[in-house]
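Residue-level listing of the chains:
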Amino acid sequence: MAVQVSAATEIRPFTVDVPQEELDELRRRIQATRWPESETVSDQSQGVQLATIQELARYWATEYDFRRLEQRLNAVPQFITELDGLDIHFIHVRSPHENALPLIITHGWPGSIVEMLNVIGPLSDPTADGGEAADAFDVVVPSMPGYGFSAKPASTGWDPFHIADAWIELMRRLGYSRFVAQGGDWGAQITDVMGAKAPRELIGIHSNMPGTVPADVSKALASNVLGAGDPAPTDLSDDEQRAYDRLSFLFTKGIGYALEMGLHPQTLYGLADSPVALAAWMLDHDLLSYLDIARAFEGEPVGKLTRDEVLDNITLTWVTNTGVSSGRLYWENSLGFFDIKGATVPAAVSVFPNELYQAPRSWTEEAYPNLIYFNEVDEGNHFAAWQEPEIFTTEVRAAFRSLRDETRSS
């Protein structure tokens, strides 16, 4: 799978080819799992439930077919290029339609490029999906440093600012003089930072997990995490209070994974040694997403978040041994995850009902002074593109429609 890049600006084709012995060893390790006893509660308050993870392991070891994902990945153009000394893997699908708008989409944790596979086709070739050619995009989906088939940084410094700079350089290297950017989770942070850097080529951004929390609200939330318990600001609207309450719960009970990776990512050796440990760690993201994922292993997937899709993402992380390296991004980060980043370029925001928090319009307008689109959709969780690709595609098309006339692509 390794690709050697001989020149700093060279772009080389990439093909996924995982040796069969690696997949055989994966199954052996799954079947050799030493299980603990069941949780002592009937709900999810102690984490990933034993019945859920055992059903995942059973299906993973006996029915799941990684070659299906391998074929899906190899059906789209993939490449490697060196950016600031690091080999970066990316998907690049040029639209068959003229005047397509170049778009770079950034995934998050515990995601990967797998999150975007269901939206690449509809975004790049909308007429094949019942859409209009005028909504076409050239789609670029990079794997973040330390994720998937991108190289793992051997030194510190690859934080969201560094990644944002690399993505800007990637789009320039691909020949785009105008482009837009989209992201959720870490991708939202990186996209916001790109919007704050505001390079001349970047004409707009779209986020499905925007950074909108005002400084006084962020300070009160941080005090709750530290145990000081500062009260919430008293002048919050109903929407703002709901967002505050959701974030307060998230910061105090819902992001243990982020705290551990932000403090001691290297401690998580089990992610490299045990497939089941990796799977449980990746499933235990936020409660609403976990509940949807658990339903997939009960035979009732929510949206497109099927058990195969879930295991595609986990298996990609296993075969690339990026469980620990992907977590280091939390350690590198110095930004408040939901805080305002200072984006000045035209910005669009889509609010999904089961996102980590629902950004109020009032906060969004303050965070993005050049807000060109805001919409609250009816379905979907934190993994918007993955779970609800049709809604996500519709939102991305609508978000950037007003910017089309300004686009010039090579």
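Refer to the structure above for everything that follows.
Cut-offs and rules
Residues numbered from 1 in each chain as written. Predicted model: local features only at pLDDT ≥ 70, side-chain atom pairs only at ≥ 80, totals over all residues. Heavy atoms only, no water. Salt bridge = Lys/Arg side-chain N within 4 Å of Asp/Glu carboxyl O. Helix = DSSP H or I, 4+ residues; strand = E, 2+ residues; numbered from the N terminus. Buried < 20%, exposed > 50% of the residue type's maximum accessible area, 1.4 Å probe, protein only. Pairing = 2+ DSSP bridges. Axes fitted to C-alpha atoms, helices over the stretch in contact; angles between N-to-C directions. Contact = heavy atoms within 4.5 Å.

Asker: So what's going on with the pattern of salt bridges? Residues and values would help.
Answerer: Under the criterion given, the structure shown has 21 salt bridges. With a shortest N-O distance of 3.0 Å, Arg29 and Glu25 are connected by a salt bridge. Here Glu25 and Arg29 lie together in helix H1 (residues 20-31), a separation of four residues that amounts to about one turn. Using a relative accessible area of 28% as the deciding quantity, one classes Glu25 as partly exposed. Among the ionic pairs, Arg94 bridges to Asp138, the shortest N-O distance being 3.8 Å. One end of the pair, Arg94, is in the loop between strand E3 (86-93) and strand E4 (101-106); the other, Asp138, is in strand E5 (residues 137-142), with 44 residues separating them in the sequence. Each of Glu25, Arg28, Arg29 and Asp273 takes part in a single network of salt bridges with overlapping partners.

Asker: Before we move on, could you go through unusual backbone geometry and cite the residues and values that matter?
Answerer: Geometrically, the link from Trp109 to Pro110 is a cis peptide bond, its omega value of 5° lying close to zero. Relative to the assigned elements, Pro110 resides in the loop between E4 and helix H4 (117-124). Phi is positive for Asp185, which is not a glycine, with a value near 55°. Inspection of the secondary structure assignment puts Asp185 in the loop between strand E6 (179-183) and helix H6 (186-197).

Asker: Before we move on, can you summarise the sheet that holds E5 with the specific residues and values?
Answerer: With mixed pairing, nine strands are arranged side by side in an open sheet as E1-E2-E3-E5-E4-E6-E7-E8-E9. The sheet is open, and its two borders are formed by strand E1 (11-13) and strand E9 (371-376), each paired with just one other strand. When the angles between neighbouring strand axes are averaged without regard to direction, this sheet yields 20°. Pairing of strand E2 (residues 78-83) with E3 involves six bridges; the strand directions are antiparallel. Its bridge partner lying in E3, Leu83 is registered against Leu86. Lying over the sheet, helix H5 (residues 160-173) contacts E1, E2, E3, E4, E5 and E6, oriented at roughly 120° with respect to E2.

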